[in-house]
Amino acid sequence: MEMLKYSSSRRLYYQAEDIAARAATRKILQKNGVKIIYHRKVVKVLEMDQFPQIQLDDASYMPADILICAVGREPGRNLKDLGLDKAGIKWSNKKGILVNSHLQSVSMKHIYACGDAASAVELSDRRASHAGWTGFHAVQSAILPNFLLPEDTVHPFVPRVTFLHPEVAAIGMTRAECVKKYGHDGFQYLQVDEIGTDRCDIDAIGVFDNELSSSSTSAQGFVELRVSKPDGKILGATAVSTAASEIINEIGLALCSGLTVRDIARSLHTYPSYGYLMHRVSLSLAMNNLPGALSACGPTGRLLGWLLRTLLVPVEWTKRRRKSKRMREWEATGTDLEIDHHISSRLNCDVIGLSYFEASADVKFCKLARQHADDELFDRDMLTDFIEW
């Protein structure tokens, strides 16, 4: 199977997701026989002998059995034939019916919208479970007085799942969003791979290969948790696993309830389940500092841990204030953009799958990037962006 993907430094897999999830997605697709063609644009699609032929920008042609156009969807396509303009209901192709915070039409107060049709729902949050949530609140807004209506008619924490094999799931703030808000050293995150765990070994049973674990779906699996400093409040998580969609539900509960990483660490998880890895990550994050270690030492220890965290709050706040918003945005950009693995392999550097921020620590790569920025063999835009960053 071949998949066309035009790739530059700013057009990547899963642009709304963490760099780790994007890299894992690429590996999953390639492991399943998908060949990805980089740095090419589709110019035209022709039909030859009842099969599509794809013309690329280098004048080459690619035969295909099936052409899949997966460019997303807009609500306007389903709304345009409903006669909304005649009814005086304001709407747009991209946003849908224009509504207020209570999912009420801004132009016709007796009309309510939910799910994909409501402008209050962000494009990235238009998912089946969220449609049900907003549907309930649209009915609630229509029949209850304003003083009884909740503020969160649109859910603040919508889980994002792509059902590959293994699944890719995330919720809350991405790593780049955490960097943008707190700075690169203003929060904690920990990523642990599934490979080498007992669950991974169980999954590998029955796979006839010399390297069992690398043949199982857990080979690309990992769990990453992001928490604030110094209180350990959970900010977001990413999971790539056979049961990633189930693992991420626990973090959704934690986010909605304002829980900390210590709360998850105190909760026993079944072993050897897929979710046990999240417990290990939480335990590591909870115990990697003195306040966290004290919190595990009974009532007196918890009190001392709370006092220490309280004293550290103004310290972390001062650190964040010293780092300008522009600097945090600069760090976030470097965290989110991935080094093109074709470029890194051509430069013979081991920075495949790393972000700009991580690759900037590789002196050899930085020197070669400057040396080859004008080279025809490389993606000059990407190298130029990296050098400017």
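A quick note: this is a predicted structure, and the numbers were derived from the prediction, not measured.

Just to check I follow, could you spell out the overall build of the chain for this structure?
The helix and strand inventory of the chain stands at 16 helices and twelve strands. In the chain, which comprises 389 residues, the proportion classed as buried is 43%.

Even after reading the chapter, I still don't get unusual backbone geometry, so can you show me in this structure?
Of all residues except glycine, most have a negative phi; of all peptide bonds, most are trans. At the junction of His165 and Pro166, the peptide bond is cis and its omega measures out at 10° in the coordinates. Tracing the sequence through the fold places Pro166 in the loop between strand E8 (160-162) and strand E9 (167-172). For the bond from Lys229 to Pro230, the omega torsion is -5°, close enough to zero to count as cis. A positive phi angle is found at Ala59, which is not glycine, with a value near 70°. Backbone geometry places Leu103, a non-glycine residue, at a positive phi of 65°. Tracing the backbone shows Leu103 in the loop between strand E7 (96-97) and helix H3 (128-143).

Looking at this structure, I do not really get the side chain of Ser282. What am I missing?
Here Ser282 shows up in helix H9 (residues 276-286). Take Ser282: its relative accessible area is 0%, and that puts it in the buried class. A polar contact is formed between the side chain of Ser282 and the backbone oxygen of Met278, at a distance of 2.8 Å. In this structure Ser282 touches Leu225, Val261, Ile264 and Ala265, once residues within four positions along its chain are discounted.

Honestly, the sheet that holds strand E12 (residues 234-241) in this entry has me stumped. Any pointers?
Consider a sheet: its strands pair through backbone hydrogen bonds, and that pairing is either parallel or antiparallel. Pairing is antiparallel in the open sheet, where five strands are placed in the order E8-E9-E12-E11-E10. The open sheet has two edge strands, E8 and strand E10 (187-193), and neither has a second partner. Across the sheet, the mean angle from the axis of one strand to that of its neighbour is 5°, orientation sign disregarded. When E8 meets E9, the two strands line up antiparallel, connected through three bridges. Counterpart to Thr162 in the pairing with E9 is Val168. Lying on the sheet, helix H1 (residues 19-31) is in contact with E9, E10, strand E11 (222-228) and E12; it crosses E11 at an angle near 170°. Against the sheet, H9 contacts E10, E11 and E12, and its axis sits at roughly 145° relative to E10.

Explanation requested: the sheet that holds strand E5 (residues 61-63) in the structure shown.
An order of E3-E4-E5 is seen for the three strands of this open sheet, with the pairing classed as antiparallel. A single partner strand is all that each edge strand has here, and the edge strands are strand E3 (42-48) and E5. Pairwise comparison of adjacent strand axes, ignoring direction, gives a mean angle of 25° for this sheet. Bridge count for strand E4 (residues 51-56) against E5 is three bridges, and the pairing is antiparallel. What sits directly across from Ile54, in E5, is Met62.

How should I be thinking about the confidence of the model for the chain in this particular structure?
As a general rule, the predicted coordinates of low-pLDDT regions are not to be interpreted in detail. Here the chain averages 81 in pLDDT, while 89% of its residues score no lower than 70. In this model, residues 4-14 is a region of pLDDT below 50 whose contacts with residues beyond four sequence positions or in other chains number 47 contacts. In this model residues 208-215 is a low-confidence stretch, pLDDT under 50, and it forms twelve contacts with partners more than four residues away in sequence or in other chains.

Calculation rules
- Residues numbered from 1 in each chain as written.
- Predicted model: local features only at pLDDT ≥ 70, side-chain atom pairs only at ≥ 80, totals over all residues.
- Heavy atoms only, no water.
- Helix = DSSP H or I, 4+ residues; strand = E, 2+ residues; numbered from the N terminus.
- Buried < 20%, exposed > 50% of the residue type's maximum accessible area, 1.4 Å probe, protein only.
- Polar contact = N/O pair within 3.5 Å; in protein donor to acceptor, adjacent residues only side chain to side chain.
- Contact = heavy atoms within 4.5 Å.
- Pairing = 2+ DSSP bridges.
- Axes fitted to C-alpha atoms, helices over the stretch in contact; angles between N-to-C directions.
- pLDDT = per-residue confidence, 0-100.

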